[in-house]
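Geometric and topological summary
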Amino acid sequence: MCDILTFMKILLLEDDLILNEIIEEFLQELGYEVTCVFDGMQASEIIYENPFDLLILDVNVPTLTGFEFLKNLRDNEITTPAIFITSLNSVEDVEEGFKSGADDYLKKPFELKELELRINNIKRLLHLEDEEIEISKDIKFNSKLNYINNNSIKTKLPLKEAQILKYLINNVNRCISQDELSSNIWSYETSPTSSTIRTYIKNIRKVLGEEFIETIKGVGYRFNKK
């Protein structure tokens, strides 16, 4: 098993308690981090607060169907890959699933091994394990899954910290002001305070090392690639 999987976060929407638990345990054994929800509104509340790498969605769930939930995400330009797992197996159901934005459609009942194969196929097609940036000989940053591999110690970064690091890396050796970070990373959100940005930078340094992000007093930050 590839240890990179530990850093893939999956949202599982399934209202059957027993099946939910079975799938959760199976995915955890494969090394995934799984968040379980049991109705569509609960899924909607969580998805906008936490980044996920993959969605596994039942359709006939309370408050908001899987089809409606995913269509709402796509309408809001959330492109997280999604697999439907459902007993709805007519051609019309499959068609509706893909029209709502699904990447795959798995009919119940199914073997857990088949679910694993479908997940692996999506990872391959969407290159979810690619885009590893070399920061130094011993340090890599995976900009798809938002983790730093520092001397084989892998640490998942929260979304904003990962976005800041990626922006600094893309502008290596150039001084970036806090205003520039704010306008490019929080473009449609409330701008963060200077203290908030300093805290994010501090957290990144704890994982990455102090020497890579230099503070230019009164100006901003500069990423120094070794």
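Computed from a predicted structure; not experimentally measured. (Residues numbered from 1 in each chain as written. Predicted model: local features only at pLDDT ≥ 70, side-chain atom pairs only at ≥ 80, totals over all residues. Heavy atoms only, no water.)

1. Here's the deal with unusual backbone geometry
Using the following cut-off: Secondary structure follows DSSP: runs of H or I at least 4 residues long count as helices, runs of E at least 2 residues long count as strands, and numbering of each begins at the N terminus. Buried means the residue's accessible area, taken with a 1.4 Å probe over protein chains only, is under 20% of the maximum for its type, while exposed means over 50%, and partly exposed covers the values in between.
Geometrically, the link from Lys108 to Pro109 is a cis peptide bond, its omega value of -10° lying close to zero. Note on placement: Pro109 falls in the loop between strand 5 (104-107) and helix 5 (112-126). Of note, Asn146 is a non-glycine position whose phi angle comes to about 60°, a positive value. Following the sequence through the fold, Asn146 ends up in the loop between strand 7 (139-142) and strand 8 (147-150). Given a relative accessible area of 13%, Asn146 falls into the buried group. Despite not being glycine, Ser152 shows a phi value in the positive range, around 75°. Relative to the elements of secondary structure, Ser152 occurs in the loop between strand 8 and strand 9 (153-156).

2. Quick notes on the pattern of salt bridges
Rules: Any carboxyl oxygen of Asp or Glu that lies within 4 Å of a side-chain nitrogen of Lys or Arg is treated as forming a salt bridge with it.
For the structure shown, the criterion picks out eleven salt bridges. For the salt bridge of Glu116 with Lys113, the shortest nitrogen-to-oxygen distance reads 3.3 Å. Here Glu116 and its partner Lys113 are both found in helix 5, three residues apart, which amounts to about one turn of the helix. Salt-bridge contacts for Arg222 lead to Glu214; the nearest nitrogen and oxygen are separated by 2.8 Å. Accessibility expressed as a relative area gives 27% for Arg222, which makes it partly exposed. Salt bridges sharing common partners tie together Glu14, Asp58 and Lys108.

3. What to know about the packing of aromatic side chains
Put simply, the rule is: Think of it this way: a Phe, Tyr or Trp ring, Trp meaning its six-membered ring, pairs with another when their centres are within 6.5 Å, and the plane angle makes it stacked under 30 degrees, edge-to-face over 60, tilted otherwise. Whether a charge lies above a ring is judged from NZ of Lys or CZ of Arg, which has to be within 6 Å of the ring centre and within 35 degrees of the ring normal.
For the structure on display, the rule yields five aromatic pairs. With 6.0 Å between their ring centres and 25° between their planes, Trp186 and Tyr200 make a pair best called stacked. Taken together, the positions of Trp186 in the loop between helix 7 (178-185) and helix 8 (194-208) and Tyr200 in helix 8 put the pair 14 residues apart, joining distant regions of the chain. Measuring from centroid to centroid gives 6.2 Å for Phe212 and Phe223, while their planes differ by 20°, and the two rings are stacked. Here the residue Phe212 occupies a position in the loop between helix 8 and strand 11 (213-216), and Phe223 occupies one in strand 12 (residues 220-223), the gap between them amounting to eleven residues. Its relative accessible area of 2% is what places Phe212 among the buried residues. Put simply, the rings of Phe67, Phe84, Phe98 and Tyr105 pair up and form one aromatic cluster. Stacked on the ring of Phe52, the Lys or Arg Lys9 has its end atom at 5.6 Å from the ring centre.

4. Some details on helix 7
Put simply, the rule is: Contacts are assigned to residue pairs that have any heavy atoms within 4.5 Å of one another.
Of all the positions in helix 7, only Gln178, Glu180, Leu181, Ser182 and Ile185 are classed as buried. Next to the buried residues of helix 7 lie helix 6 (159-170), strand 10 (175-176), helix 8 and strand 12.

5. Describing the nonpolar core
Formally: Among buried residues, those of type Ala, Val, Leu, Ile, Met, Phe, Trp, Tyr and Cys that are joined through side-chain atoms within 4.5 Å constitute a nonpolar core.
Counting residues in hydrophobic clusters, the biggest one holds 25 residues, and the most contacted among them are Phe141, Leu165, Leu168, Leu181, Leu208 and Phe223. Secondary structure elements with two or more residues in this core: strand 7, helix 6, helix 7, helix 8 and strand 12. Ranked by residue count, the leading element in this core is helix 6, at six residues. Apart from residues no more than four positions distant in its own chain, Phe223 is found in contact with Ile135, Leu165, Leu168, Ile169, Val172, Asn173, Leu208, Phe212 and Ile213.

6. Observations concerning the confidence of the model for the chain
This is how it is decided: Here pLDDT means the predictor's own confidence in every residue, given as a number from 0 to 100.
Averaged over the chain, the pLDDT score is 89; the fraction of residues at 70 or greater is 96%. The low-confidence segment residues 1-6 (pLDDT under 50) makes 16 contacts with residues lying over four places distant or belonging to another chain.

7. Some details on the layout of surface pockets
As a reminder of what qualifies: Only protein atoms enter the 1 Å grid used here. Points where a 1.4 Å probe fits but cannot escape make up a cavity, open sets with protein on both sides within 12 Å along at least five of seven lines make up a pocket, and a residue lines them when an atom lies within 4 Å of a point. Grid points are joined across faces, edges and corners, and a volume is the space filled by probe spheres set on the points. By the convention adopted, Pro, Cys, Tyr, Trp, Phe, Met, Ile, Leu, Val and Ala count as nonpolar, Lys, Arg, Asp and Glu as charged, and the other residues, Gly among them, as polar.
Taken as a whole, the largest pocket encloses approximately 1300 Å³ of empty space. The wall of the largest pocket is formed by 33 residues, among which Pro51, Ile78, Thr80, Leu159 and Gln163 lie closest to the centre. Counting residues per element, the lining of the largest pocket draws most heavily on helix 6, at five residues. A per-class count over the lining of the largest pocket returns 16 nonpolar, eight polar and nine charged.

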